[in-house]
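Geometric and topological summary
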Amino acid sequence: MQLFSHDKFEETLKQEKSPLPAYRQALKSANDALREHFLGGTPVTLLVQERAHVIDVLLIRAWKHFFQTDDPGSALVAVGGYGRGELHPASDIDLLILIKPDSHDYFQNAIEKFLAFMWDLGLEIGHSVRTVDECIENASQDITVITNLMESRLLIGDQPLYEEMRTGTSADNIWPVDRFFSAKLQEQDKRHQKYHDTAYNLEPNVKEGPGGLRDIQNIAWVAKRHFGATSLQDLVKHQFLTEQEYQDLNTGQTFLWKVRFALHIHTKRGENRLLFDYQTVLAEMFAYQDDEHHRAVEHFMKDYYRTITELSRLNEMLLQHFQEAILYQDKTVDLQPINKRFRICNDFIEVTHANVFKHYPFALLEIFLHLEQRPQIKGVRAATIRLIRNHRYLIDDTFRSDLRCRSLFMEILRQPQGITHELRRMNRYGILAAYFPAFGKIVGQMQFDLFHVYTVDDHILMVLRNVRRFTVPEFAQELPFCSQLIHTIPKLEILYLGALMHDIAKGRGGDHSLLGEQDATAFCRHHGLGEFDTRLVAWLVKNHLIMSTTAQRKDISDPEVISEFATLVMDQLHLDHLYLLTVADIRGTNPSIWNGWKDALLKNLYNSTRAQLKRGLEQPVEKALYVRENQAEALQLLGDTEISDIKNLWHSLNDGYFLRHSPDEIAWHTHTILNSTNTDLPRIVIRDETLRGGTEIFIYAQDQTHLFAITAMALDQMGLNVVDARIFTTNTGFTLDTFIVLDSMGSTIHNPDRIQDIVLNLKQHLTCTNLDSMKISRRPARQLKHFSIETQVLFSCDQHNRYTIAELIATDRPGLLAQVSRAFIECNVRIHNAKIVTFGEKVEDIFFITDQENRPLEESHQFDELRTAIFKFIGKA
């Protein structure tokens, strides 16, 4: 393969006064040819080598132009990835200019001209200029320097000088193998922590992320230092890899190279992050297709995640192998028998002989039970990991029906410690997917959205981890109520099975909760659970979303809503299980979406439902009684305030106000209003944190048409997210608006100066601003441009409270709430309550509305007009 014409290049150099145009043309021709070959299907393994060869030719020719080739004492050396002879289209070109001692001044002019020429050419050059002694000194102190030098390759120059550097930086002189391995292991651990120790990040880094190219290179570096290996294939000769494992490693590396190469071509820079911006482009470039249940990009990302999962497995096994060979080679062997199948060798578990799994297939599960029961075990010996991988084929229907296997799996779930750790290990080794085929279908499955930041299998294990975390004393202060409640659960394995099964049917089409209920029922019966326990697990799977949707989408201050929810959960046992699973599920979907507001919302629903269950399902709370109780508690909180003033104010409010506000809020509002005069209006007060879990903004003002819209727009401009809004108008023409807000990070606002700024900003807008003059100033998040959700406006009736419920489903964007409220204004619709719910890029907002006479909308033309107005202001997509 020839990417550019050498003869034409040399001919052009002779004709041109300046060599730069010829170099630029050669480089452009090579880059264009690389792109064409890549898109035409040429193997990427050839292309990265050819790219390195082209750069070799250009650098060597330029070196000859600026240096006297017969002058010893200098050498041009390729290091790092370029030293390996592997270059992607926009990879850095790392160079070492090696010079003899005391020659910096002598070579300075030539070096400066050479480097300036490279930069003018547009190459991304990373360089250092060092003597041999300086190389040794720097490499001795820095693991990254020695790693780069290990992969060096002489391009042109003084061969003896280069060999002197190679000898001086060898393992015989600096960084002996054991110290080098320990440093690289620590370096990898830190790098993985940066990516939250999971390969399944929403926008993964192909090079640096867990299971990425850097993990493969880590194996190669250790092999080079330990064996002097020049390639991964050398590990087969040293019996550290089987031929099949080498092929798996090579296949994985080739896939990641292909992704990285495509990223560089598409972005025209050294981009290694597989951002949303590029995932759909690459899926199309690689000819993935949409099908009935999944988009092309989801198929592509599933292949990506499965590739890095397999590479992570190989990385773990090989590094364990190196650890045994390098760190423990001189250690006295300490063998502690467990049974006739397993023993502990120097703190690592291993099989007693190579045929253990062949003779005792159930041992493929048993080993994980031993790891749970013996926390002093540091891990699994490399040879045993290999045997587990090689015997996964034994897990078939006969294996799954074996009473010993079924009993072992349930024992793994019943252990007091290590459950999450070992289930994750089972997933890494491929055992969990083999034993539970439904789980195997969702391994590596992603959902192309901003809400689910993990693949389905990683999310399930994260939810299980969250449930387990409730039981661990050192995390008791994280969610104290959950940590207390979980100790009342009689059989924790029921809750663990609910977590393990809740999303097991994702991606099959249809309702995954109903399909999952069927899988859960079959699995529990197959594993010998009683009928009651089976029904409880299946009920949890079927209803795992219901508590979250009720809390976030319904008015849980309404006794009717609580009564309906209590009827669904039936009893305290179901409520406790569902609450714990719901909290764990939300926290395991996306680390950024859990906040104090959701915590308070779910806790309020739990407490209200618990009270209803204690009273009995047949005795729902009467609204009139609920109103009287709230008023009585509020009166106590108001203390010495004049009763007649309170009564006069309360007479101007309807029962809906007292139903939808807590006694604490009623007292706060009443005190604020009674201590305000007309000249104070609009009166704006803020509580930084409330029982409802967010920062609460209360506005008392003369009723005006645009007040809600202006407030929503002003809050948006200040970077505040409205999660709940309640709007009440007195029969005397005043409005009481309450907004629960969080900052852009999902936190409450505590800073007094920030709170004062919010008050002043709101007051200025409400007194001086015309809605039409307000502009959306915030820019949408980068990722949002890749998602277009069809706008839907759905209507239903809240018969209990005489409201129309308008449900808006749309793509999230700055200023959305204000724009929607403008549509309501245009159609003479009054907002009484709003529940603002955002799932990544998608909003599902609920508005409780009436006409201006407080009557529900009932005519179809009213719905059509409002829907048309919303489309006008926010669009249909």
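Residues numbered from 1 in each chain as written. Predicted model: local features only at pLDDT ≥ 70, side-chain atom pairs only at ≥ 80, totals over all residues. Heavy atoms only, no water.

For the chain, the helix and strand inventory stands at 39 helices and 17 strands. Judged by the C-alpha coordinates and their principal axes, the chain covers about 105 × 75 × 50 Å. Burial statistics for the chain: of 877 residues in total, 57% are counted as buried. Expressed as a percentage of contacts within the chain between residues at least 6 apart in sequence, the contacts between residues at least 24 apart total 71%. Accessible area of the chain: about 37,900 Å², with a carbon and sulfur share of 48%. For the chain, the distance from the average position of its 95 positive side-chain charges to the average position of its 116 negative side-chain charges is 3 Å. (Helix = DSSP H or I, 4+ residues; strand = E, 2+ residues; numbered from the N terminus. Buried < 20%, exposed > 50% of the residue type's maximum accessible area, 1.4 Å probe, protein only. Contact = heavy atoms within 4.5 Å. Areas by Shrake-Rupley, 256 points an atom, 1.4 Å probe, with all protein chains shown as cover. Lys, Arg positive; Asp, Glu negative; His and termini not counted. Charge placed at Lys NZ, Arg CZ, Asp CG, Glu CD.)

On to the packing of helix H1 (residues 6-15) against helix H3 (residues 44-66), then. The interhelical angle for the contact between H1 and H3, taken along N-to-C directions, is 25°, at an axis separation of 13 Å. Looking at the two axes, H1 sits roughly parallel to H3. Of the two possible hands of crossing, H1 and H3 adopt the one that is right-handed. Across from His6, Phe9, Glu10 and Leu13 in H1, the residues of H3 making contact are His53, Val57, Leu58 and Arg61. The residue inventory of the contact of H1 with H3, partitioned by class, reads 4 nonpolar, 2 polar and 2 charged. (Axes fitted to C-alpha atoms, helices over the stretch in contact; angles between N-to-C directions. Parallel < 35°, antiparallel > 145°, perpendicular 65-115°, else oblique. Left-handed = near helix turned anticlockwise from the far one by under 90°. Nonpolar A, V, L, I, M, F, W, Y, C, P; charged D, E, K, R; others polar.)

For the rest of this paragraph, the subject is the nonpolar core. Counting residues in hydrophobic clusters, the biggest one holds 211 residues, and the most contacted among them are Leu59, Tyr82, Phe114, Phe300 and Phe322. The element contributing the most residues to this core is helix H14 (residues 296-327), with 14 residues. For leucine 59, the residues in contact, after removing those within four places along its chain, are Leu76, Tyr82, Ile93, Leu95, Phe114, Met118 and Leu155. Judged by nonpolar contacts, the second largest core, of 49 residues, contains Leu715, Val722, Ile836 and Ala869. (Core = buried A, V, L, I, M, F, W, Y, C linked by side-chain atoms within 4.5 Å.)

Next up on the list: the pairing of strand E1 (residues 74-78). With 5 of 5 residues buried, E1 lies mostly within the body of the structure. Neither face of E1 is exposed, since Ser74, Leu76 and Ala78 on one face and Ala75 and Val77 on the opposite face are all buried. Sheet topology places E1 next to strand E2 (residues 93-99); 5 bridges connect them, and they run antiparallel. From the neighbouring strand, serine 74 faces E2, where its bridge partner is isoleucine 99. Two elements, E1 and strand E4 (residues 153-157), share 4 bridges in a ladder whose sense is antiparallel. Each bridged residue has a counterpart across the sheet, and for alanine 75 the counterpart in E4 is glycine 157. (Pairing = 2+ DSSP bridges.)

Our focus in this paragraph is the sheet that holds strand E3 (residues 125-130). One open sheet accounts for 4 strands, arranged E3-E2-E1-E4; its pairing is mixed. Only two strands of the sheet have a single neighbouring strand rather than two, namely E3 and E4. The average angle at which neighbouring strand axes cross in this sheet is 25°, direction not considered. Here E2 pairs with E3 via 6 bridges, running parallel. Counterpart to isoleucine 93 in the pairing with E3 is isoleucine 125. Relative to E4, H3 is tilted by about 30°, and along the sheet it contacts E1, E2 and E4. The strands touched by helix H8 (residues 159-168) are E1, E2 and E4; relative to E2, the strand with the most contacts, the crossing angle is about 105°.

The tally for this structure, following the rule as stated, stands at 36 aromatic pairs. Between phenylalanine 67 and phenylalanine 114 the ring centres are 6.4 Å apart and the planes differ by 75°, which places this aromatic pair in the edge-to-face class. Placement of phenylalanine 67 in the loop between H3 and E1 and of phenylalanine 114 in helix H5 (residues 104-121) is noted, with a sequence separation of 47 residues between them. Take phenylalanine 67 and phenylalanine 114: they sit in the same class, and that class is buried. Taking the centre distance of 6.2 Å and the plane angle of 50° together, the rings of phenylalanine 368 and tyrosine 429 count as tilted. (Phe/Tyr/Trp six-rings, centres within 6.5 Å; stacked < 30°, edge-to-face > 60°.)

In this model, leucine 681 is joined to proline 682 through a cis peptide bond whose omega is -5°. Unlike most non-glycine residues, alanine 287 shows phi in positive territory, near 65°. Structurally, the position occupied by alanine 287 is in the loop between helix H13 (276-285) and H14. We classify alanine 287 as exposed; its relative accessible area is 52%. Positioned with a positive phi, asparagine 828 is a non-glycine residue whose angle comes to about 55°. Examined against the element boundaries, asparagine 828 turns out to sit in the loop between helix H38 (816-826) and strand E15 (829-835). Taking the relative accessible area as the measure of exposure, asparagine 828 reaches 49% and is therefore partly exposed.

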